[in-house]
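# Analysis of the macromolecular model
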Amino acid sequence: MDIFHINDHQVTLNPDCTPASNCFLWIDSTHDEVSADPEAWRSRIEALTGVHIYDLHLTDAVNLSHPSYFDSTHDYEMVVFRKLALQPDSAQCQENGEPFKRKIPAALNKLATVPVAFFLLGNALLTVRAANSRTIENARQKLLNYKGKSEGNPHASRLPASPEDLMLRLLNAMVDQYLELRQPLTQQLDRWQHALLDPRRPFNNWMALLDSRLELRKLDNLCEEQRDALQELRDHIVDTHDGQADDQGRAKDLLLVRTNDVMEHISRVLNHARRLEASLESAVQIHFSAMAHRTSEIMRTLTVITALFMPLTLITGIFGMNFEVMPLLKDKMGFWITMGAMLLIVVVLLLVFRRQRYLEDQLRERR
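In this text the structure is predicted, and so the values were computed from the model without any measurement.

Reading guide: rules and limits
- Residues numbered from 1 in each chain as written.
- Predicted model: local features only at pLDDT ≥ 70, side-chain atom pairs only at ≥ 80, totals over all residues.
- Heavy atoms only, no water.
- Core = buried A, V, L, I, M, F, W, Y, C linked by side-chain atoms within 4.5 Å.
- Buried < 20%, exposed > 50% of the residue type's maximum accessible area, 1.4 Å probe, protein only.
- Contact = heavy atoms within 4.5 Å.
- Axes fitted to C-alpha atoms, helices over the stretch in contact; angles between N-to-C directions.
- Helix = DSSP H or I, 4+ residues; strand = E, 2+ residues; numbered from the N terminus.
- Parallel < 35°, antiparallel > 145°, perpendicular 65-115°, else oblique.
- Nonpolar A, V, L, I, M, F, W, Y, C, P; charged D, E, K, R; others polar.
- Expected span 1.5 Å × (residues − 1).
- Arc of directions from axis to C-beta.
- UniProt positions renumbered as here; feature names shortened; annotations may be inferred.
- Patch = residues over 30% accessible without salt bridge, like charges linked within 9 Å, V, L, I, M, F, W, Y side chains within 5 Å.
- Areas by Shrake-Rupley, 256 points an atom, 1.4 Å probe, with all protein chains shown as cover.
- Salt bridge = Lys/Arg side-chain N within 4 Å of Asp/Glu carboxyl O.
- Lys, Arg positive; Asp, Glu negative; His and termini not counted.
- Charge placed at Lys NZ, Arg CZ, Asp CG, Glu CD.
- Pairing = 2+ DSSP bridges.
- pLDDT = per-residue confidence, 0-100.
- Left-handed = near helix turned anticlockwise from the far one by under 90°.

### Examining the nonpolar core
One finds Trp26, Phe118, Leu171 and Leu219 to be the most contacted residues of the largest nonpolar core, which totals 55 residues. Not counting residues within four places of it along the chain, the set of residues in contact with phenylalanine 118 comprises Glu77, Met78, Val79, Phe81, Leu125, Leu126, Thr127, Met167, Leu170, Leu171 and Met174. The next biggest cluster of nonpolar side chains, apart from the first, holds 21 residues, and it includes Ile27, Val51, Val80 and Ala124.

### Here we look at the packing of helix H6 (residues 163-180) against helix H7 (residues 182-197)
It is the contact of H6 with H7, at a shortest axis distance of 5 Å, that shows an interaxial angle of 25°. Comparing the axis directions of H6 and H7 gives the class roughly parallel. Here Tyr178, Leu179 and Glu180 of H6 come into contact with H7, specifically with Arg182, Gln183 and Pro184. By residue class, the composition of the contact of H6 with H7 is 3 nonpolar, 1 polar and 2 charged.

### Points about helix H2 (residues 38-49)
Taking 1.5 Å per residue, 12 residues should reach 16 Å; H2 reaches 16 Å between its end C-alpha atoms and fits that length. Taken together, the buried positions of H2 are occupied by Trp41, Arg42 and Ile45. Buried residues along H2 cover an arc of 95° about the axis, so they all sit on one side. Contacts made by the buried residues of H2 are with strand S3 (24-30), helix H1 (31-36), helix H3 (55-61) and strand S9 (124-129). Positive phi appears at glycine 50, one or two residues downstream of H2, with a value of about 75°.

### Section: the UniProt feature "transmembrane region" (unreviewed entry) in the protein
Feature annotation in UniProt assigns "transmembrane region" (unreviewed entry) to the following positions: residues 301-321 and 333-353. The span residues 301-321 carries 90% helix and 0% strand; its end-to-end C-alpha distance comes to 31 Å. Overall, residues 333-353 shows 95% helix and 0% strand. The separation of its end C-alpha atoms is 30 Å.

### Quick word on a negative patch on the surface
A cluster of like negative charges, contributed by Glu225, Asp228, Glu232, Asp235 and Asp239, occupies part of the molecular surface. Along the polypeptide, aspartate 235 turns up in helix H8 (residues 206-240).

### What about the environment of proline 202?
Relative to the helices and strands, proline 202 resides in the loop between H7 and H8. Separated by 89 residues in the primary sequence, proline 202 and methionine 291 have C-alpha atoms spaced 9.6 Å apart.

### As for the pattern of salt bridges
The tally for this structure, following the rule as stated, stands at 12 salt bridges. A salt bridge links arginine 140 to aspartate 28; the nearest nitrogen and oxygen atoms lie 3.1 Å apart. Here the residue arginine 140 occupies a position in helix H5 (residues 134-144), and aspartate 28 occupies one in strand S3, the gap between them amounting to 112 residues. With a shortest N-O distance of 2.4 Å, aspartate 55 and arginine 42 are connected by a salt bridge. Residue aspartate 55 is found in helix H3, and its partner arginine 42 is found in helix H2; the two are separated by 13 residues along the sequence. Each member of the salt-bridge network shares a partner with another, and the members are Asp2, Asp28, Arg129, Glu137 and Arg140.

### With respect to the sheet that holds S9
One open sheet accounts for 7 strands, arranged S2-S1-S3-S9-S8-S5-S4; its pairing is mixed. Each end of this open sheet is capped by a strand with a single partner; those strands are strand S2 (11-13) and strand S4 (69-72). Across the sheet, the mean angle from the axis of one strand to that of its neighbour is 20°, orientation sign disregarded. Bridge analysis of strand S8 (residues 113-120) against S9 gives 4 bridges, and the strand direction is antiparallel. When the bridges of S9 are listed, phenylalanine 119 appears paired with leucine 126. Against the sheet, H6 touches strand S1 (2-6), S3, strand S5 (77-84), S8 and S9, its axis set at about 20° to S5.

### Observations regarding the confidence of the model for the protein
Per-residue confidence for the protein gives a mean pLDDT of 77; residues scoring 70 or more make up 81%. For residues 88-102, every residue scores under 50 in pLDDT, and the model assigns this stretch 36 contacts once sequence neighbours within four places are set aside.

### Looking at the packing of H6 against H8
Packed helices, taken two at a time, are described by the angle their axes make and the gap between the axes. In the contact formed by H6 and H8, the axes pass within 13 Å of each other and the chain directions differ by 160°. The pairing of H6 with H8 is recorded here as roughly antiparallel in orientation. Considering the relative orientation of H6 and H8, their crossing is left-handed. Residue-level contacts link Met167, Leu168, Leu171 and Tyr178 of H6 to Leu219, Leu222, Gln226, Leu230 and Leu233 of H8. Along the lines of polarity and charge, the residues of the contact of H6 with H8 split into 8 nonpolar, 1 polar and no charged.

### With respect to H5
Burial in H5 covers these residues: Thr135, Ile136, Ala139, Arg140 and Leu143. Seen end-on, H5 carries its buried residues on one side only, within an arc spanning 135°.

### What about the pairing of S9?
Across the 6 residues of S9, 6 count as buried, placing the element largely inside the fold. Going residue by residue along S9, you find Ala124, Leu126 and Val128 tucked away on one face and Leu125, Thr127 and Arg129 tucked away on the opposite face as well. Note: S3 against S9, 6 bridges, orientation parallel. When the sheet's bridge partners are listed, threonine 30 is paired in S9 with arginine 129. Here S8 hands over to S9 after 3 residues, with glycine 122 in that stretch at a positive phi of 65°.

As structure tokens, then:
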């Protein structure tokens, strides 16, 4: 467990004091630390913040399959947000308690997620996350390396003004990871579409395609859960920050702006996932339409060949009858007359089929 002491101009790691009026605490813990001894961990949090975390929320904080959601009590608020996992093949990347084992494309394999629990404990922010959370580690390093304008950095950004502000910054960084996946996901879906519509190679990787569609649907559901959780958080901010004083009003407006920005990013990811899913579904439908069209062309070709040979078969059947007297049977030119008649019938039928445009598509493809 690491404790950051954050005020207007500096960040200190592992302070020995409780948060004062002009600063707040960020208490960062991992799932392993909480699961090792939940009661001892909760007692330490209560000693630092004076807030007792309920048993159900303590269980939710270490539940790796918990969906995104928001809940509030009289003493604190809790937000669970599922973020992209750093290593999709690790034991922490689970779905319904089981690790990922399906063989899916690399871009879609990056959709493995783990939950991060945020507790707003008055003047402190408590995070419970995976041990290898890239977003949290980057935020920690950025805070520890912070240099204000007074230290020769005129472009320095402002430090978080409150636990809510810090939480929304972390959430925004987590959502940005989903935005970065849009390009590789689009490229992967484009490859699927080309493979589905390639007439030279029959597509047979249907299980991977099915798993990809399931992953996109999971991303859709995940974004909806995230948006619902943040919508409830936004409503809670509106209800609890009355904004009677000017400072309180500005703080409320800042939180609402950041919350709306995170929700807008989630909506962009959600809309992109839905477009990709619709595009993939359209490619599958076009694939089956192309296969049906190809089958129809094959059947039409076979029908034309059958139609050409039907009269020839009739002629050979007639001349194969065991009659003693038949026209042209004993004529010296009978064979050639019969062959010429058969050739003429074939030519006439071809002209008729061409006139009826039965062979138009085949001729165009040859050209």
